[in-house]
Amino acid sequence: MNSTLRTSAPSSTALTGAVLSLALGLAFATAPPRAQAHGSPDLPPQASERVRPEAPAIRIEGELEVLVEDYAEHAQTRYFLRTDGRAVELHFRGRPPQLLTGARAEVRGRPYSADLEALYVEDGDSLSIQSTVTSSSTLPNTLGEQRTLVMLVNFQDDTSQPMSRASAHSLVFGSVGDYFRENSAGQTWLAGDTVGWYTLPISSTSCNSGQIASEAEKRAAQAGVNVSDYHRRVYMFPKSACGWAGLATVGGHPSQAWINGVFTVQNISHEIGHNFGLRHAKALSCDDSTSLNCVVLTYGDPADSMGNRRAAHFGAFNKMLLGWLGTDHSPQVLAATRSERYYIDAYSVGGNAPKALRVPAGKDASGRQQYYFVEYRRPAGFDGSLSNVGNLTSGVILRRATEGDSDSSFFLDMTPKSSSMRTWDMEDGALVPGATFVDAANDLSLTLAWADGTTAAVDVAFGGSSGSSEPTPTCSAATPTLSLSGGAAEVPAGQGTSYTVSLKNNDSSACASATFDLGHALPGGWSGSFAASKLSVSPGATASTTLSVTTTENTASGTYTVSASATRSSGGNASASTSLKVSAPLSDTVAKVGAITLSSTSRGKNVSTTAIAGIVDQNGRPLTGASVTGCFSGATSGCSTGTTDGVGQVSFNSGNYRGGSITFCVTAVSGSHVGSFDATNSCRSN
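Residues numbered from 1 in each chain as written. Predicted model: local features only at pLDDT ≥ 70, side-chain atom pairs only at ≥ 80, totals over all residues. Heavy atoms only, no water.

Undergrad: Account for the overall build of the chain, with residues named and values stated.
TA: Assigned secondary structure in the chain consists of six helices and 41 strands. Taking all 686 residues of the chain together, the buried fraction comes to 53%. Considering only contacts in the chain between residues 6 or more positions apart, those separated by 24 or more positions represent 65%. Total accessible area on the chain stands at roughly 26800 Å², and carbon and sulfur atoms take up 46% of it. (Helix = DSSP H or I, 4+ residues; strand = E, 2+ residues; numbered from the N terminus. Buried < 20%, exposed > 50% of the residue type's maximum accessible area, 1.4 Å probe, protein only. Contact = heavy atoms within 4.5 Å. Areas by Shrake-Rupley, 256 points an atom, 1.4 Å probe, with all protein chains shown as cover.)

Structural data, given as structure tokens:
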């Protein structure tokens, strides 16, 4: 593989209005030739010489365990095959394949010793995956509630408790939980319990992660905890002889993370990121010459928590692997398919506009597609950690990654050699307004035309010319497309239903994002509300929200029309309609609790818990407009009453308390259309 990095900008000050030229034949899935890899998981020195020369190759079968040891300045990935009650460590020649904990595999290799402590694996053909738990374009078990058990443990020679159980719970389920909820645009969250402190029959002067885990789970079980209910398990303990700050399985169900005395949002989110299946967010640090003096920095990405520097959002490639970006139910990624101007919104700020741009960048030696990912980061939410970091929030960030390879994310430095410290050198690595990045090998250039604090305009030019020399694209506005979907076909009078309202912006790509005001038209007396009254949508993109509709109790039986509209000040409006059949009101309705969800939020030393109760009738249909009384007990107490919305849900807030276990119960449901209340399964505890 021939790779050359060449820049015409010898210093950071020369980059404004300049061109950064990258003559790439790069296959970034592996480090370029002559590059140094910090924390590389390759074979240890002279590993092949340690193989027993008389030992023939053998085949063993078992379950894979992939562990990442995160030290302060480097990392090590270790591979084990658990078989017949023992763990055999695997050493690969060259770059190991992409594997996740829990996969069943058959491995062919030569043993290191007579007791089969390790196998030397020659090539990828020597490993056969027998199950579907492998790294792929989308990682498994990354969406929705993540049932998590935090176990606080210490040692027989160190019984210190660096933080209280309430503080640890607030850290993991409050701050770290908020990190994942914000990162995933509300698609993923942590829920569970914190237990301990338990003193283990282990010395802090030893380091056996497996023993820490097994003893911690044993103590939790003895305390009445059903450990099998949790598929994310976190062990937190005072600093021990283990040299790493964190250790984690890559994937796994259940997954495991060990936190060695470093109780921070960054460290814990990083290890749970590995649990989700993510690898490290690396950087490529290169000289501005054709000598290809490049270094792969395992912890090099300054704007991704998997770069192990700060708790900033995951990069777009990592979010796509997790299913948090670029799916039907998540913020979108624009695909650059031709030479024109593309608009992306600030990355960590809410809204429906696209959050990243993906530009094809040739194929690697194996024929896999490679991409540049472009993001506009702003100091908001957890990306506030970037507020004083170089120019990362002044321009756009570029990364390069290979499709289907979770270990291929590389941050690219747009001002190489601006600092003698390679990690610090990355912190002014953004492409600033007026600057152009050129990939000569793929006849491609990217120019940041402007960035206004909300949106960034990126000119993409295929064919070798810089984006800034292309004629400025013109905007052509078009009528949007609006649709109503979902919702019940029939409801009793006095009840309601909810619809998904989808709006597609059909403007040309040269147009900026457009904001549409939503409205509805309903039969007299009916009520309706949108989850979001406005939608901001980029050209070619689709955004969605929910319209909740409730009928009146005296609505006559029949079929009625429900309509929605979208308007904007510049014109180009749209509407959509659907039918709803209304039947006679229910006379003997039995109200039941369909589900209760609890979520906690940290506010300094205080915690508040929100309970959301879903109320249904005896047929499982949502009950709207019902009066519901709910009560908290335990670490906090109190009762209040609310009314179910258009989807039969009502929320209650506990107010602030100092942490601890609480229980929430629905104690009464009433209303003119409710005959009785069945209190079965009406309580939930955290």
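Undergrad: Lay out the side chain of T609 in plain terms, naming residues and giving numbers.
TA: Within the secondary structure, T609 is located in strand β35 (residues 606-616). According to the relative accessible area criterion, T609 is buried, its value standing at 0%. At a separation of 3.0 Å, a polar atom in the side chain of T609 contacts the side chain of S600. At 2.7 Å, the side chain of T609 and the side chain of Y657 are in polar contact. With residues near it in sequence (within four places) discarded, T609 still touches L598, S599, S600, F632, F652, N653, S654, G655, Y657 and I662. (Polar contact = N/O pair within 3.5 Å; in protein donor to acceptor, adjacent residues only side chain to side chain.)

Undergrad: Can you explain the sheet that holds strand β41 (residues 683-685)? Please cite residues and give values.
TA: With respect to topology, four strands assemble into an open sheet ordered β37-β36-β39-β41, the strand pairing being antiparallel. The open sheet has two edge strands, β37 (638-643) and β41, and neither has a second partner. Strand-to-strand, the axes of this sheet are offset by a mean angle of 20 degrees, without reference to chain direction. Sheet topology places strand β39 (residues 662-670) next to β41; three bridges connect them, and they run antiparallel. Note that in β41 the partner of F664 across the bridge is R684. (Pairing = 2+ DSSP bridges. Axes fitted to C-alpha atoms, helices over the stretch in contact; angles between N-to-C directions.)

Undergrad: Can you explain the confidence of the model for the chain? Please cite residues and give values.
TA: Counting all residues, the mean pLDDT for the chain is 85, and 87% of those residues have values of 70 or more. Across residues 1-18, where pLDDT falls below 50, the model places 55 contacts with residues more than four positions away in sequence or in other chains. Residue range residues 22-49 is modelled with pLDDT below 50. Its contacts to residues more than four positions away, or to other chains, number 91 contacts. (pLDDT = per-residue confidence, 0-100.)

Undergrad: Report on the state of the cysteines, specifying residues and quantitative values.
TA: Tallying each qualifying case throughout the model produces three disulfides. Between the sulfur atoms of C207 and its disulfide mate C242 the distance is 1.9 Å. Residues C207 and C242 are joined by a disulfide whose S-S torsion is about 105 degrees; by sign, that bridge is right-handed. Pair noted here: C207 is in the loop between β10 (188-200) and α3 (209-222) and C242 is in the loop between β11 (232-237) and β12 (246-249), with a separation of 35 residues, a long-range link. Since its relative accessible area comes to 2%, C242 is described here as buried. (Disulfide = S-S within 2.5 Å.)

Undergrad: I'd love a proper account of the sheet that holds strand β33 (residues 574-583), names of residues and values included.
TA: Strand order in the open sheet made by the five strands is β26-β33-β32-β28-β30, with mixed pairing throughout. Every other strand in the sheet has two partners, leaving β26 (490-492) and β30 (534-537) as the edge strands with one partner each. The average angle at which neighbouring strand axes cross in this sheet is 35 degrees, direction not considered. Alignment of strand β28 (residues 514-521) against strand β32 (residues 558-567), held across five bridges, turns out to be antiparallel. Across the sheet, L518 pairs through a bridge with A566, a residue of β32.

Undergrad: How would you explain helix α4 (residues 265-276) if you had to name every residue and give the values?
TA: For α4, spanning twelve residues, the distance from its first C-alpha to its last is 16 Å, which sits close to the expected 16 Å at 1.5 Å a residue. With twelve of twelve residues buried, α4 lies mostly within the body of the structure. After α4 finishes, the residue G277 shows a positive phi value of roughly 115 degrees. (Expected span 1.5 Å × (residues − 1).)

Undergrad: Would you mind going over the packing of aromatic side chains in detail, with residue names and values included?
TA: Under the defined criterion, the tally for this structure stands at 19 aromatic pairs. Taking 5.4 Å as the distance between ring centres and 35 degrees as the angle between the ring planes, the aromatic pair formed by Y235 and W258 counts as tilted. Of this pair, Y235 sits in strand β11 while W258 sits in strand β13 (residues 255-260), and the two are 23 residues apart along the sequence. Given a relative accessible area of 2%, W258 falls into the buried group. Sitting over the ring of F410, K282 keeps its end group 5.1 Å from the ring centre. Taking the ring centre of Y371 as reference, the NZ or CZ of R358 above it sits at 4.3 Å. (Phe/Tyr/Trp six-rings, centres within 6.5 Å; stacked < 30°, edge-to-face > 60°. Lys NZ or Arg CZ within 6 Å of the ring centre and 35° of its normal.)

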